[in-house]
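# Chains, contacts and geometry: an overview
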Amino acid sequence: MLLNLLLLVVAITFLWVGSDKLVASASRIAETIGVSELVIGLTIVAFGTSAPEFAVTLTAALKGYASISVGNIVGSNIFNLGFILGTVAIVRSVHVSRKLVQRDGTLMIVSTLILLLFFRDLVLTFAEGLVLVVLLVLYLSYLFIKKDPPDLEEDAGTAQRATWKDWLLLPASIAVVVLGGQLLVESASDIARGIGISEWVIGVTIVAAGTSAPEMATSLAAVIKGKHGISAGNLVGSNLFNIMGVLGLAGMLRPLTILQSSYYSLMLLTLMVMLAVVFMRTGWRVSRSEGVLLVLLGLSLWTYDFLK
């Protein structure tokens, strides 16, 4: 127990130190290559923080545990938009750009609706998974071909250009954040078992939260630093990667069959995504009061999945 408590402290330290360095290096790299922090948040940062979901989902798919594959993504996306976006907004209102809402938020809604359509027969086939992956490739290609320039507020006398150290620091900090998330899941799970909590409760709470810990640490660190593009972009980008990339690839590896109850959870995720985008659109920010509502809704959906 003492060792697990120590590992828990180490995991939290890794998450915070890694996320702080990740935000700083990503911001400087965005300035150097001439793209907005939003694009960096939507792509490199989002892909890095989605690594735990990627590992868990593909491993489960290869082993034939389709419900775990889909459930992990649905749960993580609900956690991203409910608990994480809500908590970050409570700490400090999250300002978003029109581009994030109109382009990326719209795609997040559309991709979730497509996933809902594909699972109407409770199966995600190879062809449907391929469609999702192709959609992600087209989206990423558009982002980098268009190469959005840095926003004016990003250049307001505080922008710094990257050095060679930042190009090493970025992947290293992503690795530290992912390792921190993994340590958090393992140590917290062992502690929970030690005090008599069931495996099921551990799975739907600690594991779901732990795989989303990198998104939480990174988005919170970013908004505290005033890097709203990285903060919001990371969450939206992670959801896009999870749906189109992770589930798409998992479906290509092996058809994913889910239960009817899981489909209902997917419908609830769709509503959560729409509500989050609506909140982003009101005043082009997610306010503290809206953050409270998102956290409460996320808690309600979590309770539903736990009780069903």
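Fair warning: this is a prediction, and the values are worked out from it, not measured in the lab.

### Some points on the overall build of the protein
Helix and strand content of the protein: twelve helices and four strands. Taking 308 residues into account, the globule formula puts the C-alpha radius of gyration at 19 Å, and the protein, at 18 Å, falls close to it. Taken over the C-alpha atoms alone, the protein extends approximately 50 × 50 × 35 Å along its principal axes. Counting every position in the protein, which comprises 308 residues, the buried fraction comes to 51%. Across the protein, every contact between residues at least 6 apart in sequence was considered, and the portion connecting residues at least 24 apart equals 86%.

### A closer look at the pattern of salt bridges
Summed over the entire model, instances satisfying the criterion amount to three salt bridges. For the salt bridge of Glu-37 with Lys-227, the shortest nitrogen-to-oxygen distance reads 3.3 Å. Residue Glu-37 is located in helix 2 (residues 37-49), and its partner Lys-227 is located in the loop between helix 9 (213-224) and helix 10 (228-253); the two are separated by 190 residues in the primary sequence. Residues Glu-37 and Lys-227 agree in their burial class; the two are buried. Two residues, Asp-104 and Arg-103, come together in a salt bridge whose shortest N-O distance is 2.9 Å.

### Points about the packing of aromatic side chains
All told, the structure shown has two aromatic pairs when counted by the stated rule. Plain terms: the ring middles of Phe-79 and Phe-83 are 4.9 Å apart, the flat faces sit at 25° to each other, and that makes the pair stacked. Placement of both Phe-79 and Phe-83 in helix 4 (residues 66-91) is noted, with a separation of four residues, approximately one turn of the helix.

### Points about the confidence of the model for the protein
Within the protein, residue pLDDT values average 84, and 91% of them lie at 70 or more. Within the protein, helix 8 (residues 199-211) has the poorest average pLDDT of any element, 61, and strand 2 (residues 123-124) the best, 96.

### Observations regarding a nonpolar patch on the surface
Taken together, Met-1, Leu-2, Leu-5 and Ile-195 make up a surface patch of nonpolar side chains, about 450 Å² in accessible area. Take Ile-195: it is sitting in the loop between helix 7 (164-194) and helix 8.

### Concerning unusual backbone geometry
Comment: phi is negative for the bulk of residues other than glycine, and the bulk of peptide bonds are trans. One non-glycine residue, Leu-122, lies in positive phi territory at about 70°. Its identity is not glycine, yet Trp-284 carries a phi of approximately 55°, on the positive side. Tracing the backbone shows Trp-284 in the loop between helix 11 (260-281) and strand 4 (285-286).

### Some thoughts on the side chain of Glu-215
Structurally, Glu-215 can be placed in helix 9. Residues contacting Glu-215, with those up to four places away along its chain left out, are Thr-49, Ser-50, Glu-53, Asn-80, Ile-84, Asn-234, Leu-235 and Ser-238.

### Structural notes on helix 4
Over its 26 residues, helix 4 runs 36 Å from end to end, which matches the ideal 38 Å to within 8%, given 1.5 Å per residue. When the local axis directions of helix 4 are compared, the greatest deviation, roughly 35°, occurs at Phe-79. With 19 of its 26 residues buried, helix 4 lies for the most part within the structure.

Reading the values: the criteria
Residue positions are given per chain, counted from 1 along the sequence in the order it is written. Residues qualify for local features only when their pLDDT is at least 70, as the model is predicted, and side-chain atom pairs are given and counted only at 80 or more; totals for whole chains, interfaces and linings, by contrast, use all residues. Excluding hydrogens and water, the side-chain values take into account all heavy atoms of the structure. Starting at the N terminus, helices and strands are each numbered in turn, a helix being any DSSP run of H or I of at least four residues and a strand any DSSP run of E of at least two. We take the radius of gyration over the C-alpha atoms and set the globule estimate at 2.2 Å times the residue count to the 0.38 power. Partly exposed residues are those whose accessible area sits between 20% and 50% of the maximum for their type, while under 20% is buried and over 50% is exposed, using a 1.4 Å probe and protein chains only. In what follows, residue pairs with any heavy atoms lying within 4.5 Å of each other are defined as contacts. We define a salt bridge as a contact between a side-chain nitrogen of Lys or Arg and a carboxyl oxygen of Asp or Glu at a distance within 4 Å. Any two rings among Phe, Tyr and Trp, with Trp reduced to its six-membered ring, count as a pair given centres within 6.5 Å; such a pair is stacked if its planes are under 30 degrees apart, edge-to-face if over 60, and tilted if neither. Each residue carries a pLDDT score, the predictor's own confidence in it, on a scale running from 0 to 100. Patch membership needs two things, relative accessible area over 30% and no salt bridge, and members are linked within 9 Å if like-charged or within 5 Å if nonpolar (Val, Leu, Ile, Met, Phe, Trp, Tyr). Note on areas: Shrake-Rupley with a 1.4 Å probe; residue coverage comes only from the protein chains shown. How far a helix is expected to stretch is found by multiplying one less than its residue total by 1.5 Å. By definition, a residue's bend is the angle between the axes fitted to the seven residues ending there and the seven starting there.

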